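Structure assessment
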Amino acid sequence: MGYEATLRVWRGDDGAGELRDYTVEANEGEVVLDLIHRLQATQAPDLAVRWNCKAGKCGSCSAEVNGRPRLLCMTRMSVFGRDEVITVTPMRTFPVVRDLVTDVSYNYVKAREIPAFTPPDDLAPGEYRMHQVDVERSQEFRKCIECFLCQNVCHVIRDHEENKTAFAGPRHLMRIAELEMHPLDAADRTQEAQTEHGLGYCNITKCCTEVCPENIHITDNALIPMKERVADRRYDPVVWLGNKLFRRNRD
């Protein structure tokens, strides 16, 4: 049976806005995005919301529901009480364009700063060979749908706008880790991760992992291993000596 749900939705732009209350019909099995669509159709035709697949695979409908970063299409109404006010607001880390739509272009800027996959010079396309265990190591990271919820919840940029120039965020540090762990990637990405993309800013609170809709273990499987590789390269005396010797031999 249907019931009347109370939605409290952010309405406004980058200049000003407010939370407005709406009463919207809800039915069994629906998700928050269903109610947002019904609100558009019946009461607020000018409500701006970004969405595409409605299947949890495109990452478009990212927002905050009762203060928690979520995909609107994957947040079931059944997790809320029928008399509970459901507050829907835009992602807080990015500038508001209008209503629930935010400007996430920061993420594309950071993505372009990461050097692409760099195969060895002595291998031609078609000659690449990998063991399955090496494929599996970074395959988890390929599940990312770029919803940017991990970026949104990361307090390094959520609470400190000034860090955005120096910090790529968990999504892009995970991309660097994916390439660094790739057995055929010839680039050394540890130094760049630290100096160019701000790996040192991450203090492994695991908030990014907690909100990932694909259940990627961002912190444990990407960020911490990258920190370990950076520490080995910079502070392990054996590695340091080996680098010195090999560099001397090359020269």
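Residues numbered from 1 in each chain as written. Predicted model: local features only at pLDDT ≥ 70, side-chain atom pairs only at ≥ 80, totals over all residues. Heavy atoms only, no water.

Per an unreviewed UniProt entry, the protein goes by the name Succinate dehydrogenase/fumarate reductase iron-sulfur subunit and belongs to Saccharomonospora piscinae. According to its UniProt record, the protein has this under Pathway (unreviewed entry): "Carbohydrate metabolism; tricarboxylic acid cycle." What UniProt records for the protein under Sequence similarities (unreviewed entry) is the sentence "Belongs to the succinate dehydrogenase/fumarate reductase iron-sulfur protein family." (UniProt positions renumbered as here; feature names shortened; annotations may be inferred.)

1. With respect to the environment of glutamate 4
Structurally, glutamate 4 is set in strand β1 (residues 3-12). Setting aside residues no more than four positions away along its own chain, glutamate 4 makes contact with Thr23, Val24, Glu25 and Arg82. (Helix = DSSP H or I, 4+ residues; strand = E, 2+ residues; numbered from the N terminus. Contact = heavy atoms within 4.5 Å.)

2. Focus: the nonpolar core
Generally speaking, nonpolar side chains in soluble globular proteins are found buried as a group. In this structure, Val9, Ile36, Leu72, Met77 and Ile218 are the most contacted members of the largest nonpolar core, which totals 62 residues. In this view, isoleucine 218 contacts Cys150, Pro170, Met174, Cys208, Thr209, Cys212 and Leu223; residues no more than four positions away in its chain are not counted. (Core = buried A, V, L, I, M, F, W, Y, C linked by side-chain atoms within 4.5 Å. Buried < 20%, exposed > 50% of the residue type's maximum accessible area, 1.4 Å probe, protein only.)

3. Observations concerning the domain arrangement of the protein
Segmentation of the protein into domains returns domain 1 (2-101) and domain 2 (104-246). Put simply, the middle of domain 1 and the middle of domain 2, counted by C-alpha atoms, are 32 Å apart. The interface is formed by 15 residues belonging to domain 1 together with 20 residues belonging to domain 2. Between domain 1 and domain 2, roughly 1,400 Å² of surface is buried when both sides are summed, and carbon and sulfur atoms account for 53% of that area. Taken as a group, Pro69, Thr93 and Phe94 account for 41% of the area that domain 1 buries against domain 2, more than any other trio of residues on that side. Between the two partners, domain 1 and domain 2, sit 3 salt bridges. (Domains from an automatic or database assignment. Buried area = accessible area lost by both parts, 1.4 Å probe. Salt bridge = Lys/Arg side-chain N within 4 Å of Asp/Glu carboxyl O.)

4. What to know about the pairing of strand β2 (residues 17-26)
The side chains of a regular strand alternate between both faces of the sheet. In the sheet, β1 pairs with β2 via 10 bridges, with the strands oriented antiparallel. Of the residues in β2, the one forming a bridge with tryptophan 10 is leucine 19. Linkage of β1 to β2, two consecutive antiparallel strands, is achieved through a turn of 4 residues. (Pairing = 2+ DSSP bridges.)

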